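Topology and contacts: notes
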Amino acid sequence: MKNLLEGTVVALYDELRAQNPELCGCDNCRTDVVAYALNAARPRYSGGTDVGQALISVDLQRDQTRAALAVIVMDAMKRVAVNPRHK
Ligand SMILES: [Zn+2]
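Residues numbered from 1 in each chain as written. Predicted model: local features only at pLDDT ≥ 70, side-chain atom pairs only at ≥ 80, totals over all residues. Heavy atoms only, no water.

Helix and strand counts for the protein stand at 4 helices and 0 strands. Ordering the α and β elements of the protein from the N terminus gives α-α-α-α. By the burial criterion, 32% of the 87 residues in the protein qualify as buried. Long-range contacts, defined as pairs at least 24 residues apart, comprise 79% of the intrachain contacts of the protein with a sequence gap of at least 6. When the accessible surface of the protein is totalled, it reaches about 5,500 Å², and 53% of it is carbon and sulfur. (Helix = DSSP H or I, 4+ residues; strand = E, 2+ residues; numbered from the N terminus. Buried < 20%, exposed > 50% of the residue type's maximum accessible area, 1.4 Å probe, protein only. Contact = heavy atoms within 4.5 Å. Areas by Shrake-Rupley, 256 points an atom, 1.4 Å probe, with all protein chains shown as cover.)

For the zinc ion, the full set of protein donor atoms is Cys 24 (SG), Cys 26 (SG), Cys 29 (SG) and His 86 (NE2), at a range of 2.1 to 2.3 Å. One can describe the donor arrangement at the zinc ion as tetrahedral, given that its 4 donor atoms subtend angles of 95 to 122° at the metal. What makes Cys 24 partly exposed here is its relative accessible area of 36%. (Donors = N, O, S within 2.8 Å, 3.2 Å for Na, K, Ca; no water. Tetrahedral: all angles 85-135°; square planar, octahedral: opposite > 155°, others 65-115°.)

Let's shift gears to the packing of helix α2 (residues 27-41) against helix α4 (residues 63-82). Following both chains from N to C, one finds α2 and α4 inclined at 135°, their axes separated by 8 Å at the closest point. In terms of orientation, α2 and α4 fall into the oblique class. Read as a crossing pair, α2 and α4 show a hand that is right-handed. Here Cys 29, Asp 32, Val 33, Tyr 36, Ala 37, Ala 40 and Ala 41 of α2 come into contact with α4, specifically with Leu 69, Ile 72, Val 73, Asp 75, Ala 76, Met 77, Arg 79 and Val 80. Grouping the amino acids of the contact of α2 with α4 by side-chain chemistry returns 12 nonpolar, no polar and 3 charged. (Axes fitted to C-alpha atoms, helices over the stretch in contact; angles between N-to-C directions. Parallel < 35°, antiparallel > 145°, perpendicular 65-115°, else oblique. Left-handed = near helix turned anticlockwise from the far one by under 90°. Nonpolar A, V, L, I, M, F, W, Y, C, P; charged D, E, K, R; others polar.)

Okay, here's the thing in structure tokens:
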């Protein structure tokens, strides 16, 4: 379950990074953004049964779901940019 969501979050991060080159994209910030976004999004994908996984997989293909996740990832990018773990 986590890997499915993580793959989508990382893909969205890469897309949004390309559109916002002014935000830091170093490994530290990237890891922080992905971790923050996964924590923020995870409650929407609770449940670990096979059926649940199949539903999540389908759900992640939907534009609506990806759009909602993109908002979460963008928010995470802004939060990390304001307060990075490095100078
Ligand atoms: Zn950075």
